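Fold and contact review
So the chains spell out like this:
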Amino acid sequence: MVVVPETGMLSAGNLDAPDQAGLRFIVGSRMVDAPDDLAHHFHYQGIVPDDRDLVDTNTMRRGRPDPNRVTTAHETVWVPGTGVKHWRAVWQYRRKRAVRDHHPLDLQRDRATAIIDGNKPAKSARFVQNKGGQKAFDQASFFRAYDMAGWKGYVTNIPATLMPAAEVVSSYHDLWQVEQSFRMSKTDLRARPIFHHTKDGVDAHFTIVFVALAIARYLQTRSGIAIKHWSNS
C-alpha cells in the first residue's frame, strides 16, 4: 500500500504515522526545502540543469541540515532505518515548469518594485525588505527563487532498491486519476449536496455514488468515452 496525500499533509507527524504503520508514502515536497535538499547537487553539478534531470537525495524530517557536514561528489543514498533524521527526497527539473514558474516571479518582482518606488500602496509583498526604515528589493531571495524554478520535489519512504526515482515521480503524478474521480463524484454523479439526516441515509447515498463511480470508471476505460459525454453518445 502506497499513500499519496496532498502536499498539505507534509509534516513530521503526518509522515511518521504511516511509516510506523508499515505503509509507504509519496508526497510533494515544499519549495522552501529545495535549496537545502539540492545544495549538494548544485555544489558538484552546477545550477544549470538539463530538462528532466533527476536528483535522488535526502531531506530532513525536521530542522535544518548541518552546514558543516562533510560531503563527497556522490549523493547520499537514503536507506530505511539508518537515518532517523531524514526521508528520501527525489527532485525533478522540467524546463516547461520553469517557464511557467518564472511568470508569477516576474509579476512579484514588478509588484515589489512598484511598492519600493511608491507607485503602489505600501503593503507586504514578496521580495520587499526593510533596511534601516527604507524599502529595498530583496535581490538575493529573487535570484534564489528564480534558480529553483522548474524543480519539484517528492518525499517518500520507499527505498531506491524498491522504486527508482523516475517511478516515484510517475507514481505521484497518478494522483490526477484520484482527483478526477473526486470531480466526477461531485459533478457528474452529484454526491453533494446531501439531503439525508441519518447515518444510514448518508451511508446509502455514498454507497450508491461510489458504486456508480466504479461502473462509470469501468465503462469509461472500456469505451474511451468520458461520463460527461455519455448523453451525446
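Scroll up to find the structure.
Read on for a plain summary of the structure. Everything numeric here is computed off the predicted structure, so don't read it as measured data.

**Comments concerning the packing of aromatic side chains**
- One pass over the structure, following the stated rule, counts ten aromatic pairs.
- Aromatic side chains Phe137 and Phe142 sit 5.6 Å apart centroid to centroid with 55° between the ring planes, which places their arrangement in the tilted category.
- Given a relative accessible area of 5%, Phe142 falls into the buried group.
- Where Tyr154 meets Tyr172, the ring centres are 5.2 Å apart and the plane angle is 65°; that geometry is what we call edge-to-face. Of this pair, Tyr154 sits in strand 7 (residues 151–156) while Tyr172 sits in helix 5 (residues 165–173), placing them 18 residues apart in sequence.
- For Tyr154, a relative accessible area of 0% gives the class buried.
- Through pairs of rings, three or more aromatic residues link up here, namely Phe127, Phe137, Phe142, Phe143 and Tyr146.
- Directly above the ring of Trp87 sits Arg61, whose terminal nitrogen or CZ lies 3.5 Å from the centroid.

**Remarks on the sheet that holds strand 3 (residues 54–60)**
- Across the sheet, which stays open at both edges, the five strands sit in the order 1-2-7-4-3 with mixed pairing between neighbours. If you trace the sheet from one side to the other, it starts and ends with strand 1 (2–3) and strand 3, each paired once.
- Pairing between strand 2 (residues 24–28) and strand 7: three bridges, direction antiparallel. Opposite Val27, over in strand 7, you have Val155 as the bridge partner.
- Packing against the sheet, helix 2 (residues 34–45) makes contact with strand 3, strand 4 (86–93) and strand 7, and its axis sits at approximately 130° to strand 3.

**Focus on the pairing of strand 7**
- For strand 7, a buried count of five out of six residues is recorded, marking the element as mostly surrounded by other parts of the structure.
- Across six bridges, strand 4 lies against strand 7 in antiparallel orientation. Paired with Gln92 across the bridge in strand 7 is Lys152.

**Some details on the side chain of His41**
- Residue placement: His41 occurs in helix 2.
- For His41, the residues in contact, after removing those within four places along its chain, are Gly46, Val55, Glu75 and Trp151.

**Observations regarding helix 3 (residues 95–116)**
- For helix 3, spanning 22 residues, the distance from its first C-alpha to its last is 31 Å, which sits close to the expected 32 Å at 1.5 Å a residue.
- Those residues of helix 3 lying buried are Arg97, Ala98, Leu105, Ala112, Ala114 and Ile115.
- Close packing links the buried residues of helix 3 with strand 4, strand 5 (128–131), strand 6 (134–137), helix 4 (139–148) and strand 7.

**Remarks on a nonpolar patch on the surface**
- The grouping of Val211, Ile215, Tyr218 and Leu219 at the surface amounts to a nonpolar patch, some 370 Å² of accessible area in total.
- Mapped onto the elements of the fold, Tyr218 is located in helix 7 (residues 199–223).

Criteria and thresholds
- Residues numbered from 1 in each chain as written.
- Predicted model: local features only at pLDDT ≥ 70, side-chain atom pairs only at ≥ 80, totals over all residues.
- Heavy atoms only, no water.
- Phe/Tyr/Trp six-rings, centres within 6.5 Å; stacked < 30°, edge-to-face > 60°.
- Buried < 20%, exposed > 50% of the residue type's maximum accessible area, 1.4 Å probe, protein only.
- Helix = DSSP H or I, 4+ residues; strand = E, 2+ residues; numbered from the N terminus.
- Lys NZ or Arg CZ within 6 Å of the ring centre and 35° of its normal.
- Pairing = 2+ DSSP bridges.
- Contact = heavy atoms within 4.5 Å.
- Axes fitted to C-alpha atoms, helices over the stretch in contact; angles between N-to-C directions.
- Expected span 1.5 Å × (residues − 1).
- Patch = residues over 30% accessible without salt bridge, like charges linked within 9 Å, V, L, I, M, F, W, Y side chains within 5 Å.
- Areas by Shrake-Rupley, 256 points an atom, 1.4 Å probe, with all protein chains shown as cover.
- Salt bridge = Lys/Arg side-chain N within 4 Å of Asp/Glu carboxyl O.

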